[in-house]
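Here is what each chain is made of, one letter per residue.
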Amino acid sequence: MEKTLKLVKELKEKKVLKDFSIGGGIAALYYIEPLLTYDLDIFFIPLKNSIDVLTPIYRYLKEKGFKAKKEHVLIEGVPVQFIPVYNDLVKEAVQYSVEVKYGRIKTRVLGLEYLIAVMLQTYRSKDRERLVKVFEEAKIDLKLLKEILKKYGLYDKYVRFKEMYFGAK
Amino acid sequence: MDFMINMLDLRKCTLVQNKVLENIIREKEKRRKDLSVLSFKQKIHILVLLQKMARGVTKQGKDMERIVWLI
């Protein structure tokens, strides 16, 4: 895992991508109890806006001996999925990521409040499951969360979610 | 009268059961919170154990090429 994160970091250092952050299940796992997931999702801001933003990443990794298989690249035994930022919320979430340490490696994870907003936006069944755990187990900056949710039109959805799963606003 | 006593016993028994349940739920919550504050590395270690445990469990109609991470 350290080698995987080191290589992902290298993509930024070598200017293959502009910025990155761990999202998805592993970001949730950083804040709550361990949960089962199989992918390491890396949200990234590409260097240039083009149709095929994945090509430079896949090319760089191929040169290092790592090949893409379906939607993943297996890097040092970990299936990594590179996801370009697909809207303003995700882009801002990557920009305001928090730096965390995994062993000796420094990496970046989506901030908790942004992660909640992204999960509320995607709102798949697994997002709802994770959201329940996040609200039960993590320490959330509610002021910041409210600001983000209002900015991206997700506040009403959040209120509905809270009512549905916790019976309160 | 016997009926009343039985009802009271039943109520007591339910209350005791509720306390047991309450304890179980409280302890489970505590365990989840304890797990949530482990280091990132410890959590990834547990994740790999979960992946190993789930190996072989498949969902109907799903392509289950699941890779257990090498860490």
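Sequence positions are assigned chain by chain, starting from 1 and proceeding in written order. By the order in which they are written, chains take letters starting at A while ligands take numbers starting at 1. Where local features are concerned, this predicted model is filtered to residues with pLDDT of at least 70; where side-chain atom pairs are given and counted, the filter is 80 or more; whole-chain, interface and lining totals use all residues.

Novice: Could you clarify how one ought to interpret the overall build of chain B in this entry?
Specialist: Counting from the N terminus, the helices are DSSP H or I runs at least four residues long and the strands are E runs at least two residues long. When helices and strands are counted, chain B shows two helices and zero strands. For chain B, the residues scored as buried account for 8% of the 71 residues in total. Burial is judged by counting other C-beta atoms within 10 Å of a residue's own C-beta: 20 or more means buried, 12 or fewer means exposed, and anything between counts as partly exposed, with every C-beta placed from the backbone.

Novice: Which parts of the structure should I look at to understand the overall build of chain A?
Specialist: Per the secondary structure count, chain A includes eight helices and seven strands. With respect to the principal axes defined by its C-alpha atoms, chain A has extents near 55 × 30 × 30 Å. Contact between two residues is assigned whenever their backbone-derived C-beta positions fall within 7 Å. Sequence-distant contacts in chain A: of pairs separated by 6 or more residues, those separated by 24 or more amount to 65%.

Novice: I would appreciate a short explanation of the interface of chain A and chain B in the present structure.
Specialist: How large an interface is tends to be reported as the accessible area lost when its parts come together. Listed by partner, the interface residues are 18 residues for chain A and 18 residues for chain B. Ten residue types, Ala, Val, Leu, Ile, Met, Phe, Trp, Tyr, Cys and Pro, are classed as nonpolar, four, Asp, Glu, Lys and Arg, as charged, and the remainder, Gly among them, as polar. Tallied by class, residues from the side of chain A that touches chain B come to 12 nonpolar, three polar and three charged.

Novice: Explain the domain arrangement of chain A to me, please; I cannot follow it from the model alone.
Specialist: All names here are of chain A. An automatic or database domain assignment supplies the residue ranges for each domain. Segmentation of chain A into domains returns domain 1 (2-111) and domain 2 (114-166). Using only C-alpha atoms to locate each centre, domain 1 and domain 2 end up separated by 23 Å. Tallying the contact residues gives 12 residues for domain 1 and 11 residues for domain 2. When residues of the side of domain 1 that touches domain 2 are traced back to their parent elements, those giving at least two are α2 (24-31) and α4 (88-95).

Novice: What should I look at first to understand the nonpolar core in this one?
Specialist: Soluble globular proteins tend to bury their nonpolar side chains together. Residue and element names in this part refer to chain A. Put simply, a nonpolar core is a cluster of buried Ala, Val, Leu, Ile, Met, Phe, Trp, Tyr and Cys residues tied together by C-beta atoms within 7 Å. Counting residues in each nonpolar core, the largest one holds 52 residues, and the members touching the most others are I42, L115, A117 and V118. In terms of residue count, the dominant contributor to this core is helix α5 (residues 112-122) (eight residues). The residues that make up this core include at least three from each of domain 1 (2-111) and domain 2 (114-166). With residues up to four places along the chain from it excluded, the contact list for A117 reads L89, I148, L149, Y152 and L154.

Novice: How do you make sense of the pairing of strand β4 (residues 72-75) of chain A when you look at a structure like this?
Specialist: It is a general feature of regular strands that their side chains alternate between the two faces of the sheet. Residues and elements named next belong to chain A. Where burial is concerned, the two faces of β4 differ: the one with V73 and I75 is buried and the one with H72 and L74 is not. Relative to β4, strand β3 (residues 68-69) runs antiparallel, the two sharing two bridges. Following the sheet pairing, K69 is matched in β4 by H72. Following DSSP output, two strands are said to pair if at least two bridges run between them. If you look at the hairpin formed by β3 and β4, you'll find two residues sitting between the two strands, and K70 has a positive phi there, around 55°.

Novice: What is the right way to read the pairing of strand β6 (residues 98-102) of chain A from this model?
Specialist: Across five bridges, the pairing between β6(A) and strand β7 (residues 105-109) of chain A is antiparallel. The residue bridging A:V98 from the neighbouring strand is A:V109, located in β7(A).

Novice: Explanation requested: the packing of α5(A) against helix α7 (residues 142-151) of chain A in the structure shown.
Specialist: When two helices pack together, their arrangement is given by the angle between their axes and by how far apart the axes lie. All names here are of chain A. For the pair α5 and α7, interaxial distance at closest approach is 9 Å and the crossing angle is 40°. Comparing their axes, α7 and α5 come out oblique. Taken as a pair, α5 and α7 cross one another with a handedness that is right-handed. Here E113, Y114, I116 and A117 of α5 come into contact with α7, specifically with L144, L145, I148 and L149. When grouped by side-chain class, the residues that make up the contact of α5 with α7 number seven nonpolar, no polar and one charged. Geometry is summarised by axes, namely lines fitted to C-alpha atoms with helices restricted to the contacting stretch, and by angles between N-to-C directions that run from 0 to 180 degrees. Any angle that falls under 35 degrees is termed roughly parallel, while one over 145 is termed roughly antiparallel, one within 65 to 115 roughly perpendicular, and all others oblique. Left-handed describes a crossing whose near helix is turned anticlockwise from the far helix through less than a right angle; right-handed describes the clockwise counterpart.

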